[in-house]
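These are the residues of each chain, in order.
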Amino acid sequence: MSRIFQLWASNTAVVFSGLYLLCVLGMERYGFLSFRPAIFPEVIHSKGVAVSATVFLSVLMVRLLVWPSGKGARLAHETLWRGVSVVGVFVVIVGLWLGRVAYFEGTVRLTEGQDFRGTEEEYMQGSLRKGTSASVPEMGFLLRTITAGFSSDGNHLDTLSAETQWPSRQAEGEGKKVKLGRLPSLHGRVWLHVESLGYSPYYRLEDEEGRVLDEAFVALALFPPGSEDYFRLLLPHTFYLRFNPSGDLVPEETAEEEAASGAVYHLRIARNKDIVFNGTAVPGEKVVFENGSITLEPPRKWVSIRVVRDPGLLLMIAGLGLGLLGFVMGRGSTPITLKGGEQ
Amino acid sequence: MKQGFWIGPLSLLLAVLTQLTLQPGGLEALRFRLSGGEPYRPALEATILQFNRNYATFFDTGGLTIGLSEFPATDLVKRRIFHDINIWRAAGLWLIHDKQALEITEAVALSPERAIVDTREFWQIWPKNAETGTKGRGSKSAKIKTRYFLYRDEGTWKVWDYIVYDESDVMPPVERERL
C-alpha cells in the first residue's frame, strides 16, 4: 500500500497529470481539428478539464502532504504553510466543481428603452451556457441610453457604455441607475458587461390602403456602416438592410432631423429570387413595393450585454492565492527534499 | 527520469487519440483538414443544381409536391417557398421561373458540415393564369447573384438560407463567425 502511495506521490504522477490537463485544455480550447473551438468558460467547465484538473490538483495535494520535513520548529513552520497550500488547492477544486454545477452565461440584445425581465427566452439563441444545476439569474432592468464613441472613420468603436435602471418598472428619476461598460462589473452575484453595438430600425408595414399590418423595432447587425443584415415578417419577402448614419444618432431625433443629417438606409426587398425593390430610403420615408409599403423610422441603438454568474470563480482565485502563499512561505525557509534524500 | 521521459509524448498521443475517437466527427474533421475541403465541391455544386431544378418546378406547377422529399433544403426554406407559391395560387396564378443561366462562381466547404456556394443566375419570371394557361402581366428578367448557406445533415447537404443580390451588387466577404 505504501509503495502504491509513493508511486502516486512521485514526480511522474504530477508531470503526467499536469501534461494531460494541458492536453485536454488545448484540445478543448483550440481543438486542432475542431471547426468550432470552445470558448474559455466552456473549456474550464467541461467535464474533461474538471476531471483532469481534479486529478492533477489531488496529486499536487498529496505531493504537498508527503514532502519530507525538517525537525522541531522548522517542522512546525513547514507543516503550517504546507497545510495552507493544501487548503488552497482544495478550495480551487471546490471552486472548479461549483462553477461546473452552478455556472451561468448568456447574452441579451437590448434596444434603448427596452425592458429586460431576466427570463430565459430573452437571451439570444445559442448564447446560453448553464451548469448542470444552474438556474437563470433573477434580475431585471431597463436599458435607458447607450453611449458610443467611434473612431474618426466611424468604422470602429472606441467607447461603449449603457445606462440602466434597476428595477425596470420605476418612474423617471426613481430606481437605481447603473452604468455598464465593456469591462465586467459585479451586480449582486452577476457579472455584466456590454459587448457589441448595432442599430434597431423601427419598421411599419402597411397594406395598399394604408392599414398598419405590423410595426416594431428590429435589432439588426448594421454596425459598422455598410454591414448588411436582414429580417423577415409574415410575408414571403426578405428585407435586406444597410444603414449609414452621419453624426451621432439621438433616439429623440425626428425623422426630418434624421433625414437632414444625411442618414440613409439601403434597402433591398426580395421575394424569394425576385428583387422587388433595391434602393435607398431616408429614415421616415415610405417605400412602396408590390401591394404594400414599409417605412423605416430613425433607428435606436442596441447593445448585447453578457450576463455571467460564476460562483466558483472567486473561490478558485482565493484558493489559488492561498495555495501560492503557502507554497512561497513554506519554501522560503525549507529546502525541498526529493525522494531518496536528494536536495 | 528515463521513465519520465516518455510521459510527455505519451500524454500528447493520448490527447490526439482521445480527440480522434471521442469527439464526434473527429476522423471526418481530420480528412477535411488533410484535403482542404476540395473533395466536397462536386457534392455542393450538385446540391445547388438540384435545389434550383426543384425550386423552378415547384413554382411552375403551382406547388406540386412531387420531388419535395429530394429537395435539398431545410423545412424553413421549403415553408418560405411554398408560402409564396400559395399566395400566387390563391390569386389564380402560377409564377413561372424559366432558368436562362446558372453559373456557380464559388463553392467553399468551411467545415465538413458548413458550406457556402455563390452563383450568378438569370431567370425569366412571369405569372401564368392557372385556369387558362395564358401569360399574365408583369414579366421580368431577374439577373441576380445568390449566396447559398448549406449544412450537412446525415451526409446530405441542405440549403438552410440564401441571400439574393442584384447583379450590380458587390457580395460581401463571408462572415464565418456568423455561420
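Residues numbered from 1 in each chain as written. Chains lettered and ligands numbered in written order. Predicted model: local features only at pLDDT ≥ 70, side-chain atom pairs only at ≥ 80, totals over all residues. Heavy atoms only, no water.

## Section: the side chain of A:Ser161
The cut-off we apply is this: Runs of E in the DSSP output that reach at least two residues are strands. Runs of H or I that reach at least four are helices, and both are numbered from the N terminus. Any two residues having at least one pair of non-hydrogen atoms within 4.5 Å are treated as being in contact.
Summarising the element assignment, A:Ser161 is placed in strand β5 (residues 157-166). When near neighbours in sequence (up to four residues on either side) are disregarded, A:Ser161 contacts A:Thr145, A:Ile146, A:Thr147, A:Lys179, A:Leu180 and A:Val194.

## Digging into helix α4 (residues 47-66) of chain A
Inclusion rule: Expected span of a helix, by definition, is 1.5 Å for each gap between consecutive residues, and there is one gap fewer than residues. The buried label applies to any residue whose accessible area, calculated with a 1.4 Å probe on protein chains only, is under 20% of its type's maximum; exposed applies above 50%, and partly exposed to all values in between.
For α4(A), built from 20 residues, the straight-helix expectation of 28 Å at 1.5 Å per residue is met to within 8% by its first-to-last C-alpha distance of 28 Å. Taken together, the buried positions of α4(A) are A:Val49, A:Ala50, A:Ser52, A:Ala53, A:Thr54, A:Leu57, A:Val59, A:Met61, A:Val62, A:Arg63 and A:Leu64.

## Remarks on the side chain of A:Asp310
Residue and element names in this part refer to chain A. Keep this limit in mind: Under this rule, positive means Lys or Arg and negative means Asp or Glu; His and the chain ends count for nothing. Each salt bridge in this description consists of a side-chain nitrogen of Lys or Arg and a carboxyl oxygen of Asp or Glu lying within 4 Å of one another.
In this structure, Asp310 sits in the loop between β15 (292-309) and α7 (311-333). No salt bridge is formed by the buried Asp310; its nearest oppositely charged neighbour, Arg309, is found at 8.2 Å. When residues no more than four places from it in sequence are discounted, the contact partners of Asp310 are His45, Gly99 and Tyr103.

## Looking at the sheet that holds strand β6 (residues 176-180) of chain A
Paired through backbone hydrogen bonds, the strands of a sheet run either parallel or antiparallel to each other. Residues and elements named next belong to chain A. Note the cut-off: At least two DSSP bridges between two strands are needed for those strands to be called paired.
Pairing in this open sheet of four strands is antiparallel, and the strands run β2-β4-β5-β6 from one edge to the other. Unpaired on one side and paired on the other, β2 (115-116) and β6 mark the two borders of the sheet. Where strand β4 (residues 141-150) lies against β5, eight bridges are found, and the strand directions are antiparallel. Across the sheet, Ala148 pairs through a bridge with Leu160, a residue of β5.

## A short note on the sheet that holds strand β1 (residues 93-109) of chain B
Residue and element names in this part refer to chain B. Worth spelling out the cut-off: Helix axes are fitted only over the stretch in contact, all axes being lines through C-alpha atoms; the angle between N-to-C directions runs from 0 to 180 degrees.
Ordered in space as β1-β2-β3-β4, the four strands form an open sheet in which the pairing is antiparallel. Only two strands of the sheet have a single partner each, and these edge strands are β1 and β4 (156-166). Each adjacent strand pair in this sheet contributes to an overall mean axis angle of 30°, direction not counted. With respect to the sheet, helix α4 (residues 41-60) is in contact with β1, β2 (114-129), β3 (140-153) and β4, its orientation differing from that of β1 by roughly 170°. Across the sheet, helix α5 (residues 75-90) is in contact with β1, β2 and β4; its angle to β4 comes to roughly 55°.

## What about the confidence of the model for chain A?
Residue and element names in this part refer to chain A. Here is the rule we go by: pLDDT is defined as a per-residue confidence score from the predictor, taking values between 0 and 100.
For chain A, the average pLDDT comes to 82, and 76% of its residues sit at 70 or higher. Mean pLDDT values over the elements of chain A span from 51, in helix α1 (residues 2-8), up to 95, in strand β10 (residues 229-232). Residue range residues 247-253 is modelled with pLDDT below 50. Its contacts to residues more than four positions away, or to other chains, number twelve contacts. Contacts for the low-pLDDT stretch residues 334-343, under 50 throughout, to residues beyond four places or in other chains number twelve contacts.

## Re the packing of aromatic side chains
Worth spelling out the cut-off: Geometry of aromatic contacts follows a simple scheme: Phe, Tyr and Trp rings, the Trp one being its six-membered ring, pair when their centres are within 6.5 Å, and the pair is stacked under 30 degrees between planes, edge-to-face over 60, tilted otherwise. Should the NZ of a Lys or the CZ of an Arg lie within 6 Å of a ring centre and within 35 degrees of the ring normal, that charge is described as sitting over the ring.
A complete count under the given rule lists 24 aromatic pairs over all chains for this structure. Ring centres of A:Tyr199 and A:Phe243 lie 5.1 Å apart, and the angle between their planes is 65°; this geometry places the pair in the edge-to-face category. Of this pair, A:Tyr199 sits in strand β8 (residues 190-207) while A:Phe243 is found in strand β11 (residues 237-244), placing the two residues 44 residues apart along the sequence. The exposure class assigned to A:Tyr199 is buried, which follows from its relative accessible area of 3%. Both rings, one in B:Phe58 and one in B:Phe71, keep their centres 5.0 Å apart while their planes meet at 85°; by these two values the pair is edge-to-face. Linking B:Phe58 in helix α4 with B:Phe71 in the loop between α4 and α5, this pair joins segments that are 13 residues apart in sequence. Accessibility classification places B:Phe58 together with B:Phe71 in one group, the buried group. One aromatic cluster in this structure is built from B:Phe51, B:Tyr55, B:Phe58, B:Phe59, B:Phe71, B:Phe82, B:Trp123, B:Tyr148 and B:Tyr162. Above the ring of B:Tyr55, the side-chain terminus of A:Lys273 is found at 5.0 Å from the ring centroid.

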